[in-house]
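Per-entry structural report
Below, each chain spelled out in residue letters.
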Amino acid sequence: ADKAYSLRFSGVLQSDLRAFFNDELKPGTNELLLRRARFQVDPSLGNRLKLRFQTELAGASAAIVDAYADLKLGAGFSARFGRFKTPLGLERWRSDPDRDLVELGFSSSLVTDRDQGVLLEWADSDGIASLSGGVVNGGIDGSAPSGDSEDDKDGIGKLFLHPFRFFDLPELRQIGVGWA
């Protein structure tokens with residue numbers, strides 16, 4: 001009844017239609033692309049442990065997108081272990097269904113999509129400030145590494161602030177600034 005133990009199934013399906021009208025010189029260039037076809041399982045094991053497993057079904061082969069565990073440590077603190085989105089690019093940090101466009105901007109090619117490691121996070125209860133820091137394998141910009149190719153590890157961190165949440169101005173609540 002308190003939803004402390006739950007098992008949730010969900011998915012994301014995004015497609016892209018490319019149609020060129022009155023194009024007799026290059027027939028067959030019109031296509032419907034399946035951009036994302038993801039299946040996700042989210043078990044919650046009590047109030048302190050949440051898991052996520054997400055796989056990509058679109059493309060030539062299936063791939064694991066996310067596979068991590070979130071452990072609540074108390075007072076806004078949590079630890080994440082496994083394969084997850086790195087907190088470096090704001091556009092990539094948003095979940096796929098919440099993005100305004102299917103394609104990412106050019107600047108998203110400059111940061112790693114996902115990586116394996118551990119991430120410690122803190123957020124205040126009012127949603128004004130959040131802080132993340134951790135150690136990951138490190139990867140190539142714009143990609144999601146499939147393994148670790150060297151002994152060196154990368155340190156990552158992010159500080160994000162929503163300063164207007166101090167005031168009762170609903171139109172400014174979502175404005176934020178961050179450093180990563």
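As the structure is a computational prediction, the values presented were derived from the model and not from experiment.

Notes on the nonpolar core
Counting five residues, the largest nonpolar core consists of Tyr-68, Phe-84, Leu-119, Val-136 and Ile-156. Excluding its chain neighbours within four sequence positions, the residues that come into contact with Val-136 are Phe-84, Asp-115, Gln-116, Gly-117, Lys-153, Asp-154 and Ile-156.

Some details on the side chain of Glu-121
Examined against the element boundaries, Glu-121 turns out to sit in strand β6 (residues 114–123). Beyond its immediate sequence surroundings of up to four residues, Glu-121 is in contact with Gly-76, Phe-77, Ser-78, Arg-80, Trp-93, Leu-131 and Ser-132.

Regarding unusual backbone geometry
With a phi angle near 50°, Ala-75 is a residue other than glycine that sits in the positive phi range. Counting through the fold element by element, Ala-75 comes out in the loop between β4 (63–74) and β5 (77–85).

Considerations on the packing of aromatic side chains
Going through the model one piece at a time under the given rule, you end up with two aromatic pairs. Between Phe-9 and Phe-39, the aromatic rings sit 6.1 Å apart at their centres with planes inclined by 20°, giving stacked as the arrangement. Placement of Phe-9 in strand β1 (residues 5–18) and of Phe-39 in strand β2 (residues 31–45) is noted, with a sequence separation of 30 residues between them. Taking the centre distance of 6.5 Å and the plane angle of 45° together, the rings of Phe-77 and Trp-122 count as tilted. Of this pair, Phe-77 sits in strand β5 while Trp-122 is found in strand β6, placing the two residues 45 residues apart along the sequence. You can call Phe-77 partly exposed: its relative accessible area is 44%. Look at Trp-122 and you get partly exposed, because its relative accessible area is 29%. Seen from the ring of Tyr-68, Arg-80 lies directly overhead, with NZ or CZ sitting 4.1 Å from the centre.

Definitions and limits used
- Residues numbered from 1 in each chain as written.
- Predicted model: local features only at pLDDT ≥ 70, side-chain atom pairs only at ≥ 80, totals over all residues.
- Heavy atoms only, no water.
- Core = buried A, V, L, I, M, F, W, Y, C linked by side-chain atoms within 4.5 Å.
- Buried < 20%, exposed > 50% of the residue type's maximum accessible area, 1.4 Å probe, protein only.
- Contact = heavy atoms within 4.5 Å.
- Helix = DSSP H or I, 4+ residues; strand = E, 2+ residues; numbered from the N terminus.
- Phe/Tyr/Trp six-rings, centres within 6.5 Å; stacked < 30°, edge-to-face > 60°.
- Lys NZ or Arg CZ within 6 Å of the ring centre and 35° of its normal.

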